[in-house]
2 protein chains.
Amino acid sequence: MAALKVFNSEKLRLCIRSVRCGVTGPGYMIGIRRDFSGKAKAIVFETNGKPLDVLKLHTFPLPKITDDTVLVKFLASPINPADINQVEGVYPTKPPFLSDAISSSTPLAIGGNEGAVEILEVGNSVTQFKAGDRAIMRHTLFGTWRTHAIAKVSDLTRVPYTSSEVTAVQAATASVNPTTAYKMLKDFVDVKEGDWFIQNAANSGVGRAAIQFGHLWGLKSINVVRDREDIDDLKRDLESLGATKVVTEDEIKDKGFRNTIKEWIDGRQIKLGLNCTGGESTTNLARQLSPGGHLVTYGGMARKPVTVPVSLFIFKDIHLHGYWLTRWADAHPEEKEQIVNEIFGLSSAGKLKDVPVDEVVWTDNMSDQDRLDAFKRGVERYINGSGGRKQVLVHK
Amino acid sequence: MAALKVFNSEKLRLCIRSVRCGVTGPGYMIGIRRDFSGKAKAIVFETNGKPLDVLKLHTFPLPKITDDTVLVKFLASPINPADINQVEGVYPTKPPFLSDAISSSTPLAIGGNEGAVEILEVGNSVTQFKAGDRAIMRHTLFGTWRTHAIAKVSDLTRVPYTSSEVTAVQAATASVNPTTAYKMLKDFVDVKEGDWFIQNAANSGVGRAAIQFGHLWGLKSINVVRDREDIDDLKRDLESLGATKVVTEDEIKDKGFRNTIKEWIDGRQIKLGLNCTGGESTTNLARQLSPGGHLVTYGGMARKPVTVPVSLFIFKDIHLHGYWLTRWADAHPEEKEQIVNEIFGLSSAGKLKDVPVDEVVWTDNMSDQDRLDAFKRGVERYINGSGGRKQVLVHK
């Protein structure tokens, strides 16, 4: 299947070059048309607001490919929390509002930051990619909730694996959540094999990645999740990824539970905590840290501030930090590329399992209304939690 | 005056040596008796609880001086927050409860950690001190709310200044508050001349010391205090110590005030915040920090936790730490001695002004009840805030 895809793409590339050279043939042209009608469709917003209120579908002709750009077809684009916050207008980075560029009389912003694409056509001077190659977005703010785009080479990071080695969804979800988990486990504390870390929202994309990296690197983990009906299934699920212990928020807030944790860690230290929530859960996390421990906040799911008793700072010497992947990624694109490639390698070797996904499926012949409705259902599932499943727009 | 004191003490030392050698003289003996009756009086507690309920006065004979100990007379001992917390039983370090050693049938703890003493008599093998020397406590938990004690040489740090250069109160209050301020300004951020720091409780002992060190080291400071009737007087007072700006909690919690601060700092950064409160004041402090700034908590006056929005961690890269002087001092007694000596030097040069003090005066011929009542009045003033004035037990 992968070989066939490459073959087809290679044919397509030949075709495109041929067209430019004035050598046309009906078979090749059909190849292009099958992949791209000349118009792109995107999920956009004209004003910030509640996503279900403000998101719209917009169809627009793409500009012509130039010597140094490429035409890409989107394969998969997740709906990440930052994307939703950008729609709401509460995120510090904001996508550009475009009008002429997307043939709209009113300025519109295209949602989405992360995504995997297939190169359909490359400009004459482009040597880094060929048709059929796959890539992910190198930077945020591209606007990835769409079908097609003209991109600069510098917008893209190659995926050096076939689609049977690294799926489109794996590629589309590698650069944010797993990379965040990777960096937080490495950057704040000099953790050594056998050390413990603790995290809440352990069922999230970052949480699952942290469990697996920890397991691969010899770290032990205490994973806090909200109680739920199928808690035993979830515990087994996370344990199968390599979680050492899985506990509920209710369990960990009980003061007596500290003795249980003390027994678990058996004289070792909990030097690092990863916090995705804010509120009470964060307080409970901070209390479990060993003296001198570090708590890193990377999300605010509970929409409540981080609240930590004064005594933990003074007498337990706890340190609090934040982590924002975008800041680091913008400053260190090469290092990010290295880590993403390492993640692709782990995915292809089966050592990094996919986050559970709900697919928002777009097919070529769907109506605009159906595309929008399907996308909004995905957003609705995101808002409702969806049992920790990531919503991903997938083009079939 | 100082010269006379040294002279007298020297005589006293000769006297004591003479006594041991069997050479006595009435004048010298009167000298000893004037300083010490053989019995010590101390503020003690039998159980933890509210200080006004549990503090008692206890009189007990001191053990005889041995070859390697010294007899000291207390000159001044502050009532610090940690002391009160120890009485309440809510502090992580706890003074020992003694019975035989202080001739009590029920175990009693002597309160107070910081203090300045005069050496009255030294054991035969003691070379580091002579009678008339002054010293402060080298460690915490000595129990300094008392008149006299037998101390080991290792319990004491010499005050290498005369009483006219460094007063007893200055000596007695140098090792906790100014040292805390000194370390917090130096240890967390590489602040450079012209950089700003911000602090709440700027009228506290630590706050006043931080203002002065900042001023001496070329740092600018924004100093937050609670609003009060005499706010203009307080502003002038702190400005006279070197405060660049003094603002009230009400002013700083107004979002519009950020523009004022922006104008003040004029493109420079606020890299460091010093937090003595917890609660809303801390949140306001954290909001003023420049991206990448560090907030150090050293007190919890508001008895509320530290609460900081998630976004400040993730998007502003704020870091939170705690500072507990005792941890550092116990691990680095030599460094502490160096810093305390530097502080003495600054005090003697008039570069570090005294914190405002309310004296709890004990005189030689006071009744036990009067001593206890006077001390409790000091505790009461401490509890009521006393306009930021430090309560210090002074022996006259």
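Trainee: Please provide a residue-by-residue account of the overall build of chain A, values included.
Mentor: Summing up its helical and strand segments, chain A has 15 helices and 17 strands in all. Taken over the C-alpha trace, chain A has a radius of gyration of 23 Å; the compact-globule value for 396 residues is 21 Å, and the two agree within 12%. Counting over 396 residues, chain A shows a buried share of 56%. Here the contacts in chain A between residues at least 6 apart in sequence split such that 73% fall between residues at least 24 apart. Total accessible area computed for chain A in this model is approximately 17,000 Å², and 51% of it derives from carbon and sulfur atoms. Taken as two groups, the 51 positive and 47 negative side-chain charges of chain A have centres that lie 2 Å from each other.

Trainee: Please set out the nonpolar core residue by residue, giving values where relevant.
Mentor: Side chains of a nonpolar character, in soluble globular proteins, are inclined to be buried together. Counting 50 residues, the largest nonpolar core has Leu320(A) and Leu320(B) as its most contacted members. Ignoring any residue separated from it by four or fewer positions in sequence, one finds Leu320(A) in contact with Leu295(A), Val306(A), Val308(A), Phe313(A), Phe313(B), Ile318(B), His319(B) and Leu320(B). By size, the runner-up hydrophobic cluster in this structure holds 42 residues, among which are Val189(A), Phe197(A), Leu272(A) and Val394(A).

Trainee: So, the domain arrangement of chain A: which residues are in play, and what are the values?
Mentor: Residue and element names in this part refer to chain A. Partitioning chain A into domains gives domain 1 (13-173 + 355-395) and domain 2 (177-327). With 13 residues of domain 1 at the contact, the number on the domain 2 side is 9 residues. Both faces considered, domain 1 and domain 2 share a buried interface measuring about 710 Å² in area, 50% of it formed by carbon and sulfur atoms. Here domain 1 is connected to domain 2 by 0 salt bridges.

Trainee: Tell me about the interface of chain A and chain B, and please be specific about residues and values.
Mentor: Counting from both sides, the interface comprises 28 residues of chain A and, opposite them, 28 residues of chain B. With both chains or domains summed, chain A and chain B bury close to 2,100 Å², and 67% of this area falls on carbon and sulfur atoms. The largest share of the area that chain A buries against chain B comes from Phe313(A), Ile314(A) and Phe315(A), three residues that together contribute 28% of it. Seen at the junction of chain A and chain B, the total is 0 salt bridges.

Trainee: Before we move on, could you go through the sheet that holds strand β1 (residues 39-45) of chain B and cite the residues and values that matter?
Mentor: Residues and elements named next belong to chain B. Read from one edge of the open sheet, 3 strands run β2-β1-β4, paired in antiparallel fashion. Looking at strand neighbours, the two that pair on one side only are β2 (55-61) and β4 (109-110), the edges of this open sheet. For β1 and β2, the ladder comprises 7 bridges, and the chain directions are antiparallel. Its bridge partner being in β2, Ala42 is matched across the sheet by His58. Most of the contacts of helix α15 (residues 368-383) go to β2, to which it runs at about 140°, and overall it touches β1 and β2.

Trainee: Please provide a residue-by-residue account of the pairing of strand β16 (residues 357-362) of chain A, values included.
Mentor: All names here are of chain A. As defined by bridge partners, β16 adjoins strand β17 (residues 390-395) across 6 bridges and the pair is classed as parallel. Paired with Trp362 across the bridge in β17 is His395. In this view, the connection linking β16 to its parallel neighbour β17 by way of helix α15 (residues 368-383) has right-handed handedness.

Trainee: I'd like to hear about the sheet that holds strand β4 (residues 109-110) of chain A, residue by residue, with values.
Mentor: All names here are of chain A. Strand order in this open sheet of 3 strands is β2-β1-β4, and the pairing throughout is antiparallel. The open sheet has two edge strands with one neighbour each: β2 (55-61) and β4. Contacts from α15 reach β1 (39-45) and β2 within the one sheet, and its direction differs from that of β2 by about 140°.

Trainee: For the relation of the copies chain A and chain B, give the residues involved together with the corresponding values.
Mentor: One copy of the chain maps onto the other through a rotation about an axis plus a displacement along that axis. Once chain A has been moved 0.0 Å along the axis and rotated by 180°, it coincides with chain B to within an RMSD of 0.0 Å. In short, the pair behaves as if placed about a two-fold rotation axis. With an isologous cut-off of 70% or more, the 100% of interface residues of chain A that recur at the interface of chain B puts this contact in the isologous class.

Trainee: Please set out the packing of aromatic side chains residue by residue, giving values where relevant.
Mentor: Enumeration according to the criterion identifies 24 aromatic pairs over all chains in this entry. An angle of 80° between the planes, with centres 5.0 Å apart, marks the rings of Phe315(A) and Tyr91(B) as edge-to-face. Here the residue Phe315(A) occupies a position in the loop between α12 (310-314) and β15 (319-322), and Tyr91(B) occupies one in the loop between α4 (81-88) and β4, the pair thus bridging two chains. Since its relative accessible area comes to 25%, Phe315(A) is described here as partly exposed. Pairwise contacts between aromatic rings join Tyr91(A), Trp324(A) and Phe315(B) into one cluster.

Trainee: How would you explain α4(B) if you had to name every residue and give the values?
Mentor: Residue and element names in this part refer to chain B. Burial analysis of α4 places 6 of its 8 residues in the buried class, the great majority of the element. Buried within α4 are the following residues: Ala82, Asp83, Ile84, Asn85, Gln86 and Val87. On its buried face, α4 is in contact with β1, α3 (51-54), β2, β3 (69-78) and α15.

Trainee: Please give an account of the pattern of salt bridges that cites residues and values.
Mentor: All names here are of chain A. The final tally for this structure, using the stated rule, is 38 salt bridges over all chains. For Lys235, the salt bridge identified is with Glu251, shortest N-O distance 3.7 Å. Here Lys235 is found in helix α8 (residues 231-241), whereas its partner Glu251 is found in helix α9 (residues 249-253), with 16 residues between them in sequence. Owing to a relative accessible area of 18%, Lys235 belongs among the buried residues under this scheme.

Trainee: Provide a residue-level description of the confidence of the model for chain A, including the pertinent values.
Mentor: All names here are of chain A. Looking at chain A, pLDDT values average 91 and 91% of them are 70 or higher. Contacts for the low-pLDDT stretch residues 1-34, under 50 throughout, to residues beyond four places or in other chains number 36 contacts. Interface scoring of the predicted complex returns ipTM 0.88; its pTM is 0.88.

Trainee: So what about the pairing of β3(B)? Which residues, and what values?
Mentor: Residue and element names in this part refer to chain B. Within β3, 9 of the 10 residues are buried, which leaves it mostly tucked inside the rest of the structure. Here 5 bridges tie β3 to strand β7 (residues 148-152), and the two strands are oriented antiparallel to one another. Along β7, the bridge assignment pairs Lys73 with His148. Looking at chain direction, β3 and strand β5 (residues 116-122) are connected through 6 bridges and run antiparallel.

Trainee: An account of helix α4 (residues 81-88) of chain A is requested, with residue identities and associated values reported.
Mentor: In this structure, the buried residues of α4(A) make contact with β1, α3 (51-54), β2, β3 (69-78) and α15 of chain A. Taken from the residues just after α4(A), Gly89(A) is the one with a positive phi, measuring 85°.

Calculation rules
- Residues numbered from 1 in each chain as written.
- Chains lettered and ligands numbered in written order.
- Predicted model: local features only at pLDDT ≥ 70, side-chain atom pairs only at ≥ 80, totals over all residues.
- Heavy atoms only, no water.
- Helix = DSSP H or I, 4+ residues; strand = E, 2+ residues; numbered from the N terminus.
- Rg over C-alpha atoms; globule rule 2.2 N^0.38 Å.
- Buried < 20%, exposed > 50% of the residue type's maximum accessible area, 1.4 Å probe, protein only.
- Contact = heavy atoms within 4.5 Å.
- Areas by Shrake-Rupley, 256 points an atom, 1.4 Å probe, with all protein chains shown as cover.
- Lys, Arg positive; Asp, Glu negative; His and termini not counted.
- Charge placed at Lys NZ, Arg CZ, Asp CG, Glu CD.
- Core = buried A, V, L, I, M, F, W, Y, C linked by side-chain atoms within 4.5 Å.
- Domains from an automatic or database assignment.
- Buried area = accessible area lost by both parts, 1.4 Å probe.
- Salt bridge = Lys/Arg side-chain N within 4 Å of Asp/Glu carboxyl O.
- Pairing = 2+ DSSP bridges.
- Axes fitted to C-alpha atoms, helices over the stretch in contact; angles between N-to-C directions.
- Right-handed = clockwise from strand over helix to strand, strands pointing away.
- Least-squares fit on C-alpha atoms with pLDDT ≥ 70 in both.
- Phe/Tyr/Trp six-rings, centres within 6.5 Å; stacked < 30°, edge-to-face > 60°.
- pLDDT = per-residue confidence, 0-100.

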